[in-house]
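Coordinate analysis (summary)
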Amino acid sequence: MKRAGMRRAGGRPYNRRMNQIFRQYWSLTKPRVVALIVFTAVIGMFLAVPGLPPLREAVLGTLGIWLAAASAAAINQIIDSRIDAKMARTSWRPLVAGTLTMRQALLFAITLATASMLILVLGVNQLTAWLTFASLIGYAVIYTKFLKHATPQNIVIGGIAGAAPPALGWTAVTGHLHSDALLLVLIIFVWTPPHFWALAIFRRADYARALVPMLPVTHGVEYTRVQILLYTILLLVVTMLPRLTGMSGNFYLGGALVLGAVFLWYAWKLQNPPDEFFAMKMFNYSIVYLMALFAFLLVDHWLLPWLQPAASIQFVPVG
């Protein structure tokens, strides 16, 4: 009994250590950001087909996209570790804190990327694999290494990589890229600047200290606020396109109008905010907005067939 108790007691520090290591690697993947990416990819899968998407392609596609997004997030932290050390909101990250080494993080990122490509090539299709790999490189390398430091329009130009997940989900279950999938990409692409610039306004001192040319740093807060308002208006217009093209119905349209009106209110109020924290309130709402908008797309996709009038029955005389 005494030995069993000692073994159990001795196992507790080991379990705690394993849990701590898991948490460090888990935080390397930016789980909350990746969750939103995977969510939009899964919605893309469900919108691509009339009923339920094929189970094998949906499960393997989701796993492959998640692994690629997690790998991109890890590479982002590897490249940005110097910048992260100078910013309050990222100074806790494992590479900055020294709880993981660069070698460990790099091996982890490569493993995730390799597993992602194998799953997508062997279990889904090559188109999804290539598009996912292009998105990974676009975000982790082109945006993080070059665009982020080259221009205040970094988030606009690099936003295409972050906007790709719905198209990845679409191709995973269909094997081809449809114009409706590109419309979903366009929505996220236009949503990205007002979403991220709201955060950049609140964290502008961090970006200035790290010498990152975000728009509030290079052009000032007032200019950035106006750009947020203009992009929000454009977003409101773009989100009408699914209804105008016949991709979605009036249920989605109603939801998009309400969500867009609230987003527009935030953008308008940001022009003369009540306090410094208001930019973060808009940033937080923008996340809720995108999730709710895609949820409306999904519900409308399933609801629309039930709301269509039944085909009239014609009686044909016999004889």
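Please refer to the structure placed before this passage.
Everything in this summary refers to the structure shown in the same document. In every chain, residue numbers begin from 1 and rise along the written sequence. Whole-chain, interface and lining totals are the exception, using all residues; otherwise, since this is a predicted model, local features are given only for residues with pLDDT of at least 70 and side-chain atom pairs are given and counted only at 80 or more. Computation of side-chain values covers all heavy atoms of the structure but excludes hydrogens and water.

**Description of helix α7 (residues 126–150)**
Residues lying three or four places apart along an α-helix face the same way, a consequence of the helix completing one turn every 3.6 residues. At any given residue, the bend is defined as the angle formed between two axes, one fitted to the seven residues that end at that position and one fitted to the seven that begin there. Helix and strand definitions follow DSSP, with helices as H or I runs of at least four residues and strands as E runs of at least two, each counted in order from the N terminus. The sharpest bend along α7 measures roughly 55° and falls at Y143. Throughout this description, buried means an accessible area under 20% of the type-specific maximum (1.4 Å probe, protein chains only), exposed means over 50%, and partly exposed covers the range between. All of the buried residues along α7 are T128, A129, T132, S135, L136, G138, A140, Y143, T144, L147 and K148.

**Examining a nonpolar patch on the surface**
The residues that make up patches have over 30% relative accessible area and no salt bridge, and they are joined within 9 Å when like-charged or within 5 Å when they are Val, Leu, Ile, Met, Phe, Trp or Tyr. To measure how exposed things are, a 1.4 Å probe is used in the Shrake-Rupley method; for residues, cover is taken only from the protein chains shown. Salt bridge criterion: a side-chain nitrogen from Lys or Arg within 4 Å of a carboxyl oxygen from Asp or Glu. A contiguous nonpolar surface patch, about 330 Å² in accessible area, is contributed by V226, L230, I233 and V237. Position of V226 among the secondary structure elements: in helix α14 (residues 221–238).

**Brief notes about the pattern of salt bridges**
If you walk through the whole model with that rule in mind, you get five salt bridges. Two residues, R93 and D84, come together in a salt bridge whose shortest N-O distance is 3.1 Å. In terms of burial, R93 and D84 fall into one category: buried. Residue R225 pairs with E222 through a salt bridge whose shortest N-O separation is 2.9 Å.

**Details of the environment of V185**
The topology assignment puts V185 in helix α11 (residues 179–202). Along the primary structure V185 and L244 are separated by 59 residues, whereas in three dimensions their C-alpha atoms are 16 Å apart. In this structure V185 touches I160, A163, A164 and A167, once residues within four positions along its chain are discounted. In what follows, residue pairs with any heavy atoms lying within 4.5 Å of each other are defined as contacts.

**Concerning the nonpolar core**
Buried residues of nine kinds, namely Ala, Val, Leu, Ile, Met, Phe, Trp, Tyr and Cys, make up a nonpolar core once their side-chain atoms join them within 4.5 Å. Counting residues in hydrophobic clusters, the biggest one holds 74 residues, and the most contacted among them are W191, M282, Y289 and F294. With 14 residues, the single largest contributor to this core is α11. Beyond its immediate sequence surroundings of up to four residues, Y289 is in contact with W191, L235, T239, L259, G260 and F263. A74, L95, A109 and A113 belong to the second largest nonpolar core, which has 13 residues in total.

From the geometry alone we can't say anything about function, so treat these as descriptive.
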